[in-house]
Amino acid sequence: MSEQKPMSDNTPESAERRRVLGGLAVAAAGLAIAPGIKLIEVAQARPEEQGASSAVRWGMLVDATKCATGCDDCVSACSTENGWTPVAESPKPRQAPQWIRKLELQDPLTQMETNLPMMCQHCAEPPCVDVCPTGASFKRADGIVLVNRHTCIGCRYCMMACPYKARSLVHEPLNDTQKADVPRGVGCVEACSLCVQKVDRGDGNTACAEACYAAGHNALVFGDMNDPDSEISKRLRELPTKQVRADLKLNTGVRYHGI
């Protein structure tokens, strides 16, 4: 009796069998061992073109000559949008978040007073990122500097490294003001995010800039600093601006006019 040869793996029948088995394997990867619990979840990532791009650099222009004395609309708007309690309303002011704060400066020689908001400067070379031991502090490709609360251990190295005192620690459990699209957590460091949730939705502006414009001051201009036709780029070409602590060579994303 002649020996029967095994079927070649290159036959159409074998190819079809591999295709079917492969499909079954993928389906099995998502099988639930209990309602809502899966052994393996098949990745559902966003398309690459929807991610942050280095072709964009989000930034802010602060025109201190238009910033009104006693106005804190930008602070209130940031608080409302991002769900944090301002220092003035906090029962523990020393522990209150300071995503944005108003500064009143006076020149010791001329006695001239200047008002301006101070927030995370979204540096191109952020020292907070350099010192973070877990990688929780990071800079997106579009220039926005953020903190991943899931990997932040609350060591506060980034707070010490920041020359702008722009970061704060969440000391106590949060109340019901927390927003669903702005995750915050006790024991984590946080700071201005340039309203990244609004940016990623395509809203095109930050809460502070919107409030400043609505109040008629227009002291804050947000936009893409890499786009020569954006409003912020046009204003940066027209006005002399400064970086706070330019000597540190951090290449900040927030520029100031009138200081």
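Scroll up to find the structure.
1. Brief notes about the pairing of strand 3 (residues 58–63)
The two faces of the sheet receive side chains in turn, since in a regular strand these alternate between them.
Piece 1. Across the six residues that make up strand 3, a large majority, six, are buried.
Piece 2. With burial as the criterion, each face of strand 3 is covered, one bearing Trp58, Met60 and Val62 and the other bearing Gly59, Leu61 and Asp63.
Piece 3. Pairing geometry for strand 3 and strand 10 (residues 220–224), over five bridges, is antiparallel. Paired with Met60 across the two strands is Phe222, which belongs to strand 10.
Piece 4. When strand 3 meets strand 11 (residues 254–257), the two strands line up parallel, connected through four bridges. Bridge assignment links Leu61 to a residue of strand 11, and that residue is Arg255.

2. A few points about a nonpolar patch on the surface
Piece 1. Among the surface-exposed residues, Val131, Tyr157 and Met160 lie close enough to one another that they form a single nonpolar patch of about 310 Å² accessible area.
Piece 2. Of note, Val131 is situated in helix 3 (residues 127–131).

3. Thoughts on helix 6 (residues 207–214)
Piece 1. Those residues of helix 6 not exposed but buried are Ala207, Cys208, Ala209, Ala211 and Cys212.
Piece 2. In this structure, the buried side of helix 6 is in contact with strand 3, helix 2 (73–82), strand 4 (100–106), helix 5 (196–201) and strand 10.
Piece 3. Residue Gly216 follows helix 6 closely and has a positive phi angle near 90°.

4. What to know about the pattern of salt bridges
Piece 1. Counted by the stated rule, this structure contains 10 salt bridges.
Piece 2. The residue Glu190 makes a salt bridge to Arg184 at a minimum N-O spacing of 2.7 Å.
Piece 3. Residue Glu190 is classed as buried on the basis of its relative accessible area, which comes to 7%.
Piece 4. Residue Asp203 is joined to Arg201 by a salt bridge in which the shortest nitrogen-to-oxygen separation is 3.1 Å.
Piece 5. On the accessibility criterion, Asp203 (39% relative accessible area) is partly exposed.
Piece 6. Given the relative accessible area of 47%, Arg201 is considered partly exposed.
Piece 7. Overlapping salt bridges, with partners in common, bring together Asp181, Lys198, Arg201, Asp203 and Glu210 in one network.

5. A closer look at the side chain of Glu81
Piece 1. Looking at where Glu81 falls in the secondary structure, it is placed in helix 2.
Piece 2. An unpaired buried charge is present at Glu81: no salt bridge exists, and Arg201, the closest side chain of opposite charge, is 4.1 Å distant.
Piece 3. Side chain to side chain, Glu81 and Gln197 meet in a polar contact 2.9 Å long.
Piece 4. The contacts of Glu81, once residues within four sequence positions are left out, are Lys179, Val182, Cys195, Gln197, Lys198, Arg201 and Ala207.

Reading the values: rules and limits
Along each chain, residue indices are assigned from 1 in the same order as the chain's sequence is written. Where totals are concerned, whole chains, interfaces and linings use all residues; where local detail is concerned, this predicted model gives features only for residues with pLDDT of at least 70, and gives and counts side-chain atom pairs only at 80 or more. With hydrogens and water excluded, all non-hydrogen atoms of the structure serve as input to the side-chain values. Think of it in three bands: with a 1.4 Å probe and only protein chains considered, a residue is buried below 20% of the maximum accessible area for its type, exposed above 50%, and partly exposed in between. Secondary structure follows DSSP: runs of H or I at least 4 residues long count as helices, runs of E at least 2 residues long count as strands, and numbering of each begins at the N terminus. Strands are labelled as partners when DSSP assigns at least two bridges between them. Each patch is built from residues that are more than 30% exposed by relative accessible area and take part in no salt bridge. Like charges join if they lie within 9 Å; nonpolar side chains (Val, Leu, Ile, Met, Phe, Trp, Tyr) join within 5 Å. Each accessible area value is a Shrake-Rupley result obtained with a 1.4 Å probe; residue values ignore everything except the protein chains displayed when judging cover. Salt bridge, as used here: a side-chain nitrogen of Lys or Arg that lies within 4 Å of a carboxyl oxygen of Asp or Glu. Contacts are assigned to residue pairs that have any heavy atoms within 4.5 Å of one another. Charged residues are defined narrowly, with Lys and Arg counted positive, Asp and Glu counted negative, and His plus the chain ends left uncounted. Any pair of N or O atoms that falls within 3.5 Å is considered a polar contact. Within protein, one atom must be able to donate a hydrogen and the other to accept it, and sequence-neighbouring residues count only if both atoms are side-chain atoms.

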